[in-house]
Amino acid sequence: MSYFPPCSRAVLLAALFCATSPVVQAQTKSTSTKTTAATMASATSNRQQRLLANEAKIDGLLKKLTVEEKIAMIHANSAFAAGGIKRLGIPELMMSDGPHGVRAEQGRDWKGVKNANDAGTYLPTGNTLASTWNPALGYAFGSVLGSEAAFRGKDIILGPGINIIRTPLNGRNFEYLSEDPFLISKMVVGYIKGVQDQGVSACVKHFAANNQEAHRNDIDVDMSERALRELYLPGFKAAVQEAGVNTLMGSYNKFRGTYATENAYLMNDILKGEWGFKGLVMSDWGSVHDTQKAMRNGTDLEMGTDLSLMYGSVDQTASGANSTASLYDRFFLGNAALEAVKKDKSLEPLLDDKVRRILRVMYATNMLDGAKRKPGAYNTPEHQATALKVAEEGIVLLKNEGNILPLKKTTKTFAVIGANATRENAMGGGSSQIKAKYEITPLQGLQKALGSSAKITYAPGYTIARDQKADPQLIAQAVAAAKAADVAIIVGGSTHGYDYSKWSDNAYDAEGFDKPDMKMPFGQDELIKAVLQANPNTVVVLIGGGPIDMSAWIGQTKGVVEAWYPGMEGGNAIAHVLFGDVNPSGKLPMTFPVKLEDSPAHKLGEYPSTPGNELKQTYKEDIFVGYRYFDTYKVAPQFAFGHGLSYTTFDYSKLAVKPGKQSATVTLSVRNTGKTAGAEVVQLYVQDEQASVKRPEKELKAFEKVFLKPGESKSVTLSLPADAFRYYDEAKKQWY
């Protein structure tokens, strides 16, 4: 059985109303006005222009730099630092991983730093942020990152990650935002502006088509130009032109035969050409493979190749030879690039352009000419409050049969079941790991919320371990606890792996590894079924990075909550939602299929690779990713994109569409008809009825989160510019 949001009829009505208006029909006829990339770029206020404020000064520095010094500027000199020319007052560029906190110090040699002040704010992960559908929280989230990066002396924070969630199995989905390019675009702009307003550069990643971790270093991805333009690029374009991101990271994979980081079409033609990107392109750690291609095809800064040179991999916890100065000279943009430039003078302007871009970023982050940067702050109460707010707004109430939620604090006995109830997750996931100052687990949050007014019995129920199956003894203990309690709360779901200190122990929601399937690991299905049979008043809270197969028990449980990886304040946020101190307002940023086989990447496309060729892959599902597939092909999901319940109810009325020449304005009234204050996300979808190409059943093109007191009404205005109705014509290489 599938569950859809109570507002879905109103949202669909808005979508269909727009779809039948004259403006939509006009956009899809063969006589429709064509729009070139250049025209679209000129119509948009491109924030990249702000990076050009110091060109004369940069010209002067370029004249003073020797060729050898310029080469030293374009590759790393340690694990997370690059460049630095002391005689000219040019400092090193210092970087740190994000994207949901400033990573613990790795040292210049990957061995860490003893006694470092690096325990900071562990924000909720990217999919939690996206589930808020609140761009203002995107800005607040980015502001915390930027402030803490500044405090730690970092110039660039390596985030946000915005790759499209194509398959539920991608191990890094937890870092990313959504399956929908419009939602990504709206959330990423605030995030980047929040970071960069603190005087630190954001680094949007991973460009492009890095949608899985399996074979991420060598898979060759192919897709239609239409899929590239309509789905996989818009988030990056918004990051570049609307947010004005200073830096961008190339991905590991190949794209149409060439590694993405050295891909002329992606980097030179689209990013720097069509979009007018003026900042620097850095490699992912170890994603450069060829000196000539990196020099000519848009790579400005090479990072992380020391991992490949030392260990033959990008394992960031491997042990082996020490890094040395000569190691960095062996980078592709090290001595090899120096020799290439000396032999071929046509490479000199390309080298100058790379250094110019690096210097632009340095000026933008107040690193040159004695400029002062905001000092930043670290793990303050205000930052912790932001972490809590994002978690509270990001938690999604998936099912609430019989209004089992919110729970009553007057209940006398609770059974809390599940290893995830006591598991800390900050140090999991790979390069996004955070050393948190503290982390409130779900059990701790529940204990704090109830105090001494109720009895809580805890039973782990399952063990997180490699190849772990259902444990009859642990299940029996959990069943006994559930039978003895008025209410049972199961905290289950996924994990970042086993031993978080070992890269090789990454699993499920983690860098470098995809999930083996969508099933709940460690025998949790057996556990949940047994507990539900013992106590029907059971609520399931899921921790994890995305969809999980609930088919074994979803029909028997009354309440299900998706909590994602909710950060350092996650336990408090979960308790606040479960007991009604916070009315849930999160909406799914991705579709939850009933089973893996229903996912378009697995039903229509190729995953993890082309049959018979593990290093090739074609996105045969084309533009039909996520809800675009489920809606168009009439496949019922377990929970739909945009779904999320509330403890109150909302009414939509006075819907009107005012068509413009190539646009539309939609107005409606939203009223809180319940007795509890709450927030509703008004989602506007567009349907094309007369397209000359096959288009999805509907596409998200506007949304707004509305906060309403009981009985309160607000008027909502949503704008649909011309871009909201266009599709990409592959034959003519234009938007129509």
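Residues numbered from 1 in each chain as written. Predicted model: local features only at pLDDT ≥ 70, side-chain atom pairs only at ≥ 80, totals over all residues. Heavy atoms only, no water.

Draft legend 1. Representation of the overall build of the protein within the structure. Scanning the protein from N- to C-terminus turns up 23 helices and 24 strands. For 736 residues, the compact-globule estimate of 2.2 N^0.38 gives 27 Å, and the C-alpha radius of gyration of the protein, at 25 Å, lies within 12% of that figure. Overall, the protein is about 80 × 65 × 55 Å in size when its C-alpha atoms are taken along their principal axes. Looking at the protein residue by residue over its 736 residues, the buried ones come to 63%. Sequence-distant contacts, at least 24 apart, represent 77% of the contacts inside the protein between residues at least 6 apart. When the 83 basic and 77 acidic side-chain charges of the protein are each reduced to a single mean position, those positions are 4 Å apart. (Helix = DSSP H or I, 4+ residues; strand = E, 2+ residues; numbered from the N terminus. Rg over C-alpha atoms; globule rule 2.2 N^0.38 Å. Buried < 20%, exposed > 50% of the residue type's maximum accessible area, 1.4 Å probe, protein only. Contact = heavy atoms within 4.5 Å. Lys, Arg positive; Asp, Glu negative; His and termini not counted. Charge placed at Lys NZ, Arg CZ, Asp CG, Glu CD.)

Draft legend 2. Local environment of the environment of Ala 260. Its location among the elements puts Ala 260 in the loop between strand S9 (258–259) and helix H11 (264–274). On the basis of relative accessible area, Ala 260 is assigned to the buried category, the value being 0%. A C-alpha to C-alpha distance of 9.3 Å links Ala 260 and Asp 220, two positions 40 residues apart in sequence. Dropping the residues within four chain positions of it, Ala 260 is found in contact with Phe 207, Ala 208, Ser 251, Asn 253, Lys 254, Phe 255, Leu 266 and Met 267.

Draft legend 3. Main features of the packing of helix H7 (residues 135–151) against helix H8 (residues 181–196). Two elements in contact, H7 and H8, have axes whose closest approach is 6 Å; the angle formed by their N-to-C orientations is 30 degrees. The chirality of how H7 crosses H8 is right-handed. On the side of H7, the interface is formed by Pro 135, Gly 138, Tyr 139, Phe 141, Gly 142, Ser 143, Leu 145 and Gly 146, while H8 contributes Lys 186, Met 187, Gly 190, Tyr 191, Lys 193, Gly 194 and Val 195. (Axes fitted to C-alpha atoms, helices over the stretch in contact; angles between N-to-C directions. Left-handed = near helix turned anticlockwise from the far one by under 90°.)

Draft legend 4. Structural context of helix H20 (residues 524–534). Buried within H20 we find Gln 524, Asp 525, Leu 527, Ile 528, Val 531 and Leu 532. The buried residues of H20 occupy one face: seen down the axis, they fall within an arc of 160 degrees. In the core, the buried residues of H20 are packed alongside strand S12 (413–417), helix H19 (472–483), strand S14 (487–493) and strand S15 (538–543). (Arc of directions from axis to C-beta.)

Draft legend 5. The pattern of salt bridges, seen in detail. Scanning all chains against the criterion turns up 45 salt bridges. Here Arg 216 makes a salt bridge to Glu 213, at a shortest N to O gap of 3.1 Å. In this structure, Arg 695 engages Glu 699 in a salt bridge whose closest nitrogen and oxygen atoms are separated by 3.2 Å. Pair check on accessibility: Arg 695 and Glu 699 agree, each one buried. (Salt bridge = Lys/Arg side-chain N within 4 Å of Asp/Glu carboxyl O.)

Draft legend 6. Fine view of the packing of aromatic side chains. In the structure shown here, the tally under the stated rule is 22 aromatic pairs. Where Phe 414 meets Phe 579, the ring centres are 5.8 Å apart and the plane angle is 85 degrees; that geometry is what we call edge-to-face. Residue Phe 414 is found in strand S12, and its partner Phe 579 is found in the loop between helix H21 (570–578) and helix H22 (600–603); the two are separated by 165 residues along the sequence. Given the relative accessible area of 2%, Phe 414 is considered buried. By relative accessible area, which is 8% here, Phe 579 ends up buried. Grouped by ring-pair contacts, the aromatic residues Trp 133, Phe 182, Tyr 627, Phe 641, Tyr 685 and Phe 703 constitute a single cluster. For Lys 694, the ring lying beneath its charged end belongs to Phe 624, and the centroid distance is 5.4 Å. (Phe/Tyr/Trp six-rings, centres within 6.5 Å; stacked < 30°, edge-to-face > 60°. Lys NZ or Arg CZ within 6 Å of the ring centre and 35° of its normal.)

Draft legend 7. Representation of the sheet that holds strand S19 (residues 664–672) within the structure. An order of S18-S19-S22 is seen for the 3 strands of this open sheet, with the pairing classed as antiparallel. Because the sheet does not close on itself, it has two edges, and the strands there are strand S18 (650–659) and strand S22 (713–720). Taking the axes of each pair of neighbouring strands and ignoring which way they run, one obtains an average angle of 20 degrees across the sheet. Pairing geometry for S19 and S22, over 8 bridges, is antiparallel. The partner of Ser 669 across the bridge, within S22, is Ser 715. (Pairing = 2+ DSSP bridges.)

Draft legend 8. Structural detail: empty space enclosed by the protein. Enumeration according to the criterion identifies 8 cavities of 30 Å³ or more in this entry. Considered as a void within the structure, the largest cavity measures approximately 100 Å³ in volume. Ile 165, Arg 166, Pro 168, Glu 179 and Thr 591 are the residues nearest the centre of the largest cavity, which is lined by 13 residues in total. Split into classes, the residues belonging to the lining of the largest cavity amount to 7 nonpolar, 4 polar and 2 charged. (1 Å grid on protein atoms, 1.4 Å probe; cavity = no way out; pocket = protein on both sides within 12 Å on 5 of 7 lines; lining within 4 Å. Points joined across faces, edges and corners; volume = space filled by probe spheres on them. Nonpolar A, V, L, I, M, F, W, Y, C, P; charged D, E, K, R; others polar.)

Draft legend 9. Focus on unusual backbone geometry. With an omega of 0 degrees, the peptide bond running from Gly 98 to Pro 99 counts as cis. Inspection of the secondary structure puts Pro 99 in the loop between strand S3 (93–97) and helix H6 (126–131). Between Gly 159 and Pro 160 the backbone carries a cis peptide bond, its omega angle lying at 10 degrees. With respect to the secondary-structure elements, Pro 160 resides in the loop between strand S4 (156–158) and H8.

Draft legend 10. The nonpolar core, seen in detail. Ranked by internal contacts, the top residues of the largest apolar core, which has 105 residues, are Phe 207 and Leu 578. With 8 residues, the single largest contributor to this core is H8. Among residues more than four places away in sequence, those in contact with Leu 578 are Leu 405, Pro 406, Leu 407, Leu 446, Ile 489, Val 539, Val 541, Val 561 and Tyr 647. Counting residues in hydrophobic clusters, the runner-up holds 49 residues, among them Tyr 252, Trp 285, Ala 294 and Leu 327. (Core = buried A, V, L, I, M, F, W, Y, C linked by side-chain atoms within 4.5 Å.)

Draft legend 11. Just the sheet that holds strand S10 (residues 280–282), in detail. As summarised here, the arrangement of the 7 strands in space is S1-S2-S3-S4-S5-S7-S10, forming an open sheet in which the pairing is mixed. In the strand order of this sheet, the two ends are held by strand S1 (76–78) and S10, each with one partner. Two elements, S4 and strand S5 (residues 201–207), share 2 bridges in a ladder whose sense is parallel. Of the residues in S5, the one forming a bridge with Ile 156 is Ser 201. Helix H16 (residues 348–364) rests against S3, S5, strand S7 (247–250) and S10 of the sheet, and its axis sits at about 105 degrees to S10.

Draft legend 12. Fine view of H8. Its 16 residues place the ends of H8 22 Å apart at the C-alpha level, agreeing with the 22 Å of an ideal helix rising 1.5 Å per residue. Of all 16 residues in H8, 13 are buried, a share of seventy percent or more. Capping of H8 at its N-terminal end is provided by Asp 180; its side-chain oxygen lies 3.0 Å from the backbone amide nitrogen of Phe 182. (Expected span 1.5 Å × (residues − 1). Polar contact = N/O pair within 3.5 Å; in protein donor to acceptor, adjacent residues only side chain to side chain.)

Draft legend 13. Geometry of the environment of Ala 702. Topologically, Ala 702 is positioned in strand S21 (residues 699–708). Ala 702 sits in the buried class, given a relative accessible area of 5%. Taking C-alpha positions, Ala 702 is 43 Å from Gly 451, a pair spaced 251 residues apart along the chain. Residues in contact with Ala 702, not counting those within four places in the same chain, are Phe 182, Val 682, Gln 683, Leu 684, Leu 718, Ser 719 and Leu 720.

Draft legend 14. Structural view of the pairing of strand S13 (residues 455–459). Alignment of S12 against S13, held across 5 bridges, turns out to be parallel. By the bridge assignment, Val 416 is partnered in S13 with Tyr 458. Following the backbone out of S12, through helix H18 (residues 442–450) and into the adjacent parallel S13, one traces a crossover that is right-handed. (Right-handed = clockwise from strand over helix to strand, strands pointing away.)

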